[in-house]
Amino acid sequence: MAMRLPAHLDPDLLRVFAFIAEEGSFTRAARRVGRTQSAVSMQVQRLEARLGQKVLLRGNGTVQLTPHGQYLLERSRALLALNDEIWSSFRAPAVHGTVRLGTPDDYAMRYLPQVLRRFADQHPAVEVEVQCAPSSDLVERLKAGELDLTLCTEGHEPRRWPSMELWCGPLMWVTSERHAPHRLIPLPLALAGADCCWRRTATQALDREGLRYRIAYTSATLAGTHAPVLSGLAITVSSVAWVPEGLRALRPDEGLPALPQTSILLLKARAPRQPVTGVLAAHIADGFGQALRRPERV
């Protein structure tokens, strides 16, 4: 007698279910999988029929997980991650070599570890040399052929040099939650060096408004400019994605001029080492970019 195979769950059905739970919408989940909403609804019906339980409830334009759905979601994510890992390990092309990656310290500490970990899992034969420096220095190294890829803040990229925008968000004045250095005259500033685009943007905005200021502290890193602000000794400029506990963004009604948007760019060398460079660039664009599209407090 043939042995009866155990019941199983189709990963495609679990993936659709997970997308619906993440998006809170059948329509948005359908876009992610490239199918119609009716096809996605049928897949959910098949999943629920297979399980013998309701996992999603729809009503008043909302989608909610049932208790069985909450149980299934966590386990579905683990199963899909394992499925994707196995699939990638067999399908990914063999990539060898070394890629030289430049990044400002602040980006490296906050977002690159996860990107590099995923890249190393899929391409263990590739060595990544990471060089940390301010954006202006990294761009010069890239132009000199000393880097294959670099992250940099918008405004430092060379003219007519192709770039990929990984993230874009507002630049803000940042002050202490406990102190009020933003009320001092002249305004004490903690900024990066003279070649920093954020520094130029801040001082030009103050100059246009005729506001008095002084450069009280200078640091090559964003964390370094935050330190005196935490102590109430100065204010700085930062993206809202990098506002640690103890600091806050100034409101528009607190007297300082509005600042423009800022972006993080990915630049590739004119003659990069392929295919290594392109593979790592894809990982950065996916992982690093996804993280920065959802700003959060440090």
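Conventions and cut-offs
- Residues numbered from 1 in each chain as written.
- Predicted model: local features only at pLDDT ≥ 70, side-chain atom pairs only at ≥ 80, totals over all residues.
- Heavy atoms only, no water.
- Helix = DSSP H or I, 4+ residues; strand = E, 2+ residues; numbered from the N terminus.
- Rg over C-alpha atoms; globule rule 2.2 N^0.38 Å.
- Buried < 20%, exposed > 50% of the residue type's maximum accessible area, 1.4 Å probe, protein only.
- Contact = heavy atoms within 4.5 Å.
- Areas by Shrake-Rupley, 256 points an atom, 1.4 Å probe, with all protein chains shown as cover.
- Lys, Arg positive; Asp, Glu negative; His and termini not counted.
- Charge placed at Lys NZ, Arg CZ, Asp CG, Glu CD.
- Phe/Tyr/Trp six-rings, centres within 6.5 Å; stacked < 30°, edge-to-face > 60°.
- Lys NZ or Arg CZ within 6 Å of the ring centre and 35° of its normal.
- Arc of directions from axis to C-beta.
- Polar contact = N/O pair within 3.5 Å; in protein donor to acceptor, adjacent residues only side chain to side chain.
- Axes fitted to C-alpha atoms, helices over the stretch in contact; angles between N-to-C directions.
- Parallel < 35°, antiparallel > 145°, perpendicular 65-115°, else oblique.
- Left-handed = near helix turned anticlockwise from the far one by under 90°.
- Nonpolar A, V, L, I, M, F, W, Y, C, P; charged D, E, K, R; others polar.

Undergrad: Would you mind showing me how to read the overall build of the chain here?
TA: A tally of regular secondary structure across the chain gives 10 helices and 11 strands. Its C-alpha atoms give the chain a radius of gyration of 24 Å, clearly above 19 Å, the size a compact globule of 298 residues would have. Principal-axis analysis of the C-alpha atoms gives the chain an extent of 85 × 50 × 30 Å. Taking all 298 residues of the chain together, 42% fall into the buried category. In the chain, the proportion of contacts linking residues at least 24 apart, taken out of those at least 6 apart, comes to 75%. As displayed, the chain offers around 16,700 Å² of accessible surface, 52% of which is attributable to carbon and sulfur atoms. Computing the positive centroid from 36 side-chain charges and the negative centroid from 29, the chain places the two 4 Å apart.

Undergrad: How do you make sense of the packing of aromatic side chains when you look at a structure like this?
TA: Aromatic ring pairs are described here by two measures, namely the spacing of the ring centres and the angle between the planes. Scanning the model with the defined rule gives 0 aromatic pairs in all. Directly above the ring of Phe19 sits Arg32, whose terminal nitrogen or CZ lies 3.9 Å from the centroid. Above the ring of Trp161, the side-chain terminus of Arg270 is found at 4.0 Å from the ring centroid.

Undergrad: When you look at helix α2 (residues 26-33) in this model, what are you seeing that I'm missing?
TA: Two residues of an α-helix separated by three or four positions point the same way, owing to the 3.6 residues in each turn. Among the residues of α2, those classed as buried are Phe26, Ala29 and Ala30. All buried residues of α2 project into a common sector of 105° when viewed along the axis, lining one side. Taken together, the buried residues of α2 touch α1 (11-23), α3 (37-51), β1 (56-59) and β2 (62-65). If you check the start of α2, you find a side-chain oxygen 3.2 Å away from the backbone N of Thr27, and it comes from Ser25.

Undergrad: Whenever I open this one, the packing of α1 against α3 confuses me. Can you help?
TA: Two numbers describe a pair of packed helices, the interaxial angle and the distance between the axes. In the contact formed by α1 and α3, the axes pass within 9 Å of each other and the chain directions differ by 115°. For the element pair α1 / α3, the angle class is roughly perpendicular. For the crossing formed where α1 meets α3, the hand is left-handed. Taken together, the residues of α3 that come into contact with α1 (itself represented by Asp12, Leu13, Leu14, Val16, Phe17 and Ile20) are Val40, Gln43, Val44, Arg46 and Leu47.

Undergrad: Explain the packing of α2 against α3 here, please?
TA: At a minimum axis distance of 8 Å, the contact between α2 and α3 shows a crossing angle of 100°. One element, α2, and the other, α3, form an angle in the roughly perpendicular class. Mapping the contact onto sequence places Phe26, Thr27, Ala30 and Val33 in α2 and Gln37, Val40, Ser41 and Val44 in α3. Its residues assigned to classes, the contact of α2 with α3 shows 5 nonpolar, 3 polar and no charged.

Undergrad: Any chance you could explain unusual backbone geometry here in plain terms?
TA: Glycine aside, residues mostly have negative phi angles, and peptide bonds mostly take the trans form. Of the consecutive residues Ile185 and Pro186, the connecting peptide bond is found in the cis state with omega at -5°. If you check the backbone angles, Arg160 has positive phi at about 55° while not being a glycine. Within the fold, Arg160 resides in the loop between β5 (149-153) and β6 (163-176). According to the relative accessible area criterion, Arg160 is exposed, its value standing at 71%.

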